Amino acid sequence: MSLKSETCNEKPLPRNTTPNPFHLHTEERGVEKEKKFRTELMKKQWEEERATVPKANPYPYTTYYRMIPPIPEPKQCTQPEPFHLESLVRHEKEMQRENEERRRKEQEEDQMRIFKAQPILK
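Residues numbered from 1 in each chain as written. Predicted model: local features only at pLDDT ≥ 70, side-chain atom pairs only at ≥ 80, totals over all residues. Heavy atoms only, no water.

## What to know about the overall build of the chain
Condition: Helix numbering and strand numbering both begin at the N terminus, where a helix is a DSSP run of H or I of at least 4 residues and a strand a DSSP run of E of at least 2. Here the radius of gyration uses the C-alpha set of atoms, whereas the globule reference equals 2.2 Å times the residue count to the power 0.38. Charged residues are defined here as Lys and Arg on the positive side and Asp and Glu on the negative side; His and the ends of the chain fall outside this count. Each charge is placed at NZ for Lys, CZ for Arg, CG for Asp and CD for Glu.
From N to C terminus, the chain includes three helices and zero strands. Computed over the C-alpha atoms, the radius of gyration of the chain is 61 Å, more than 25% above the 14 Å expected from 2.2 N^0.38 for a compact globule of 122 residues. Taken along its principal axes, the extent of the C-alpha atoms in the chain is 190 × 80 × 20 Å. Each charge sign in the chain was given a centre, from 24 positive and 22 negative side chains, and these centres are 4 Å apart.

Okay, here's the thing in structure tokens:
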């Protein structure tokens, strides 16, 4: 046997390949869903246990008195004040103006009634 043949047999055997596990998002979602489901179950069980335990209602507080506001003092009666309507003032002025016009017309008519002879110019 030659030296070379011995070295050929001593070649390292190839190792089996070990695949790296790959990461799936569906697995993460499944784990989250399981956790959520478990917490909901725990919550339901806790609420059911709590519902079975009787809870006493407290005795009502009967000495509570509502705060009544003080009655305000009555206000003094208001005194009426005299007032002047502008329409009355306008009416009085209009009546004075009409009376003056009537007097003026009467005076003009009286002057017209007085006979004055007109000289005849030739």
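Moving on, there is more to tell.
## A closer look at the pattern of salt bridges
The test is simple: One side-chain nitrogen of Lys or Arg within 4 Å of one carboxyl oxygen of Asp or Glu is enough to make a salt bridge.
According to the stated counting rule, one finds five salt bridges in the structure shown. Residues Glu101 and Arg97 are paired through a salt bridge, measuring 2.5 Å at the closest nitrogen-oxygen approach. Of this pair, Glu101 and Arg97 both sit in helix H3 (residues 86-113), four residues apart, roughly one helical turn. With its nearest N and O atoms 3.1 Å apart, the salt bridge here joins Glu108 to Arg104. Note that Glu108 and Arg104 are positioned in helix H3 at a spacing of four residues, about one turn of the helix.

## Some details on a nonpolar patch on the surface
What counts, and what does not: Residues with no salt bridge and a relative accessible area higher than 30% make up the patches, which join like charges within 9 Å and nonpolar side chains (Val, Leu, Ile, Met, Phe, Trp, Tyr) within 5 Å. Accessible surface area values rest on a Shrake-Rupley calculation with a 1.4 Å probe, where residue burial reflects the displayed protein chains alone. Remark: exposure states derive from per-residue accessible area (1.4 Å probe, protein chains only) relative to the maximum for the residue type, with buried under 20%, exposed over 50%, and partly exposed in between.
A grouping of Phe83, Leu85 and Leu88 is seen on the molecular surface, where their side chains present a nonpolar patch of about 330 Å² in accessible area. Residue classification places Phe83 among the exposed positions, given a relative accessible area of 62%.

## Regarding the environment of Lys105
For Lys105, the location among the structural elements is in helix H3. Along the primary structure Lys105 and Lys122 are separated by 17 residues, whereas in three dimensions their C-alpha atoms are 35 Å apart.

## Here's the deal with the environment of His91
Position of His91 relative to the elements: it lies in helix H3. Along the chain, His91 and Met42 lie 49 residues apart, while their C-alpha atoms are 93 Å from each other.

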